[in-house]
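Here are the chains, one letter per residue:
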Amino acid sequence: MRWVTRARVHVDRVACPWLIKRFIDPEAEFRFVPWPGTELKPENGIPFDIPGVELGHHDNKCSFEVIMEEYGLDRDPALRGLAKIVHAADISADREMAPEATGLEAIARGAMYIVRDDYEALKREFFIYDALYVYCQLKLLEEGFKDELSKMNKEERFRFLKSKIKLPGV
């Protein structure tokens, strides 16, 4: 499928393609259009994170959260944790909701100025979202296995946690 969003990607417009490629459509193609000023047509693709579209900001939810709900991905607790970070990074009024958000926003902002185009931004920044997804899994695992982990040395703990991590992907 083809997907379309506004050009000059930032937090939500990198997080959404990551979510789509990793959990919805691994063959997804993305198109970036100047905004405002582009008339969206069905052949452009499924629009996301554009004002007024179904997969955009609604009810104080960023597009990432809306896409998660629309595609039934909100059952994954690690993705919900990542959604909280993306939301707080994307919606500055909610920045305090997740301490990681300030760093994510800073990385996204700086990345805009060192990439050639939006395609390079996605390619380079997907690693960050992969790492944040694993980080969210680790937080859950560390809480869920607190007693067991407390009895392990560093190497055992690392191997144990690594064996429980699910890398993102369809």
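Just above sits the structure.
This text gives an overview of the structure that appears in the document.

Each helix and strand in the chain was counted, giving 7 helices and 3 strands. Starting at the N terminus and walking to the C terminus, you meet the elements of the chain as β-α-β-β-α-α-α-α-α-α. A compact globule built from 170 residues should have a C-alpha radius of gyration of about 15 Å, and the chain, at 17 Å, falls within 12% of that. The principal-axis extents of the C-alpha atoms in the chain amount to approximately 60 × 35 × 30 Å. Looking at the chain as a whole, 45% of its 170 residues qualify as buried. In the chain, once contacts between residues fewer than 6 apart in sequence are set aside, the share between residues at least 24 apart is 63%. Of the roughly 9800 Å² of accessible surface on the chain, a fraction of 53% belongs to carbon and sulfur atoms.

Judged by nonpolar contacts, the single largest core of 43 residues is most densely connected at Trp 18, Leu 19, Phe 64, Leu 79, Leu 82, Val 86 and Tyr 129. Among the elements of the structure, α1 (11-24), β2 (29-33), α2 (63-70), α3 (77-90), α4 (101-111) and α5 (118-144) are those that each provide at least two residues to this core. Element by element, the count of residues in this core is highest for α1, at 9 residues. Residues Val 134, Leu 149, Leu 161 and Ile 165 belong to the second largest nonpolar core, which totals 6 residues.

Spatially, the 3 strands line up as an open sheet ordered β2-β1-β3, and their pairing is parallel. The sheet is open, and its two borders are formed by β2 and β3 (46-47), each paired with just one other strand. By the bridge criterion, 2 bridges tie strand β1 (residues 2-6) to β3 in an arrangement that is parallel. For Val 4, the partnering residue across the bridge sits in β3 and is Pro 47. With respect to the sheet, α1 is in contact with β1 and β2, its orientation differing from that of β1 by roughly 165°.

Calculation notes
- Residues numbered from 1 in each chain as written.
- Predicted model: local features only at pLDDT ≥ 70, side-chain atom pairs only at ≥ 80, totals over all residues.
- Heavy atoms only, no water.
- Helix = DSSP H or I, 4+ residues; strand = E, 2+ residues; numbered from the N terminus.
- Rg over C-alpha atoms; globule rule 2.2 N^0.38 Å.
- Buried < 20%, exposed > 50% of the residue type's maximum accessible area, 1.4 Å probe, protein only.
- Contact = heavy atoms within 4.5 Å.
- Areas by Shrake-Rupley, 256 points an atom, 1.4 Å probe, with all protein chains shown as cover.
- Core = buried A, V, L, I, M, F, W, Y, C linked by side-chain atoms within 4.5 Å.
- Pairing = 2+ DSSP bridges.
- Axes fitted to C-alpha atoms, helices over the stretch in contact; angles between N-to-C directions.

Geometric values such as these leave the question of function open.
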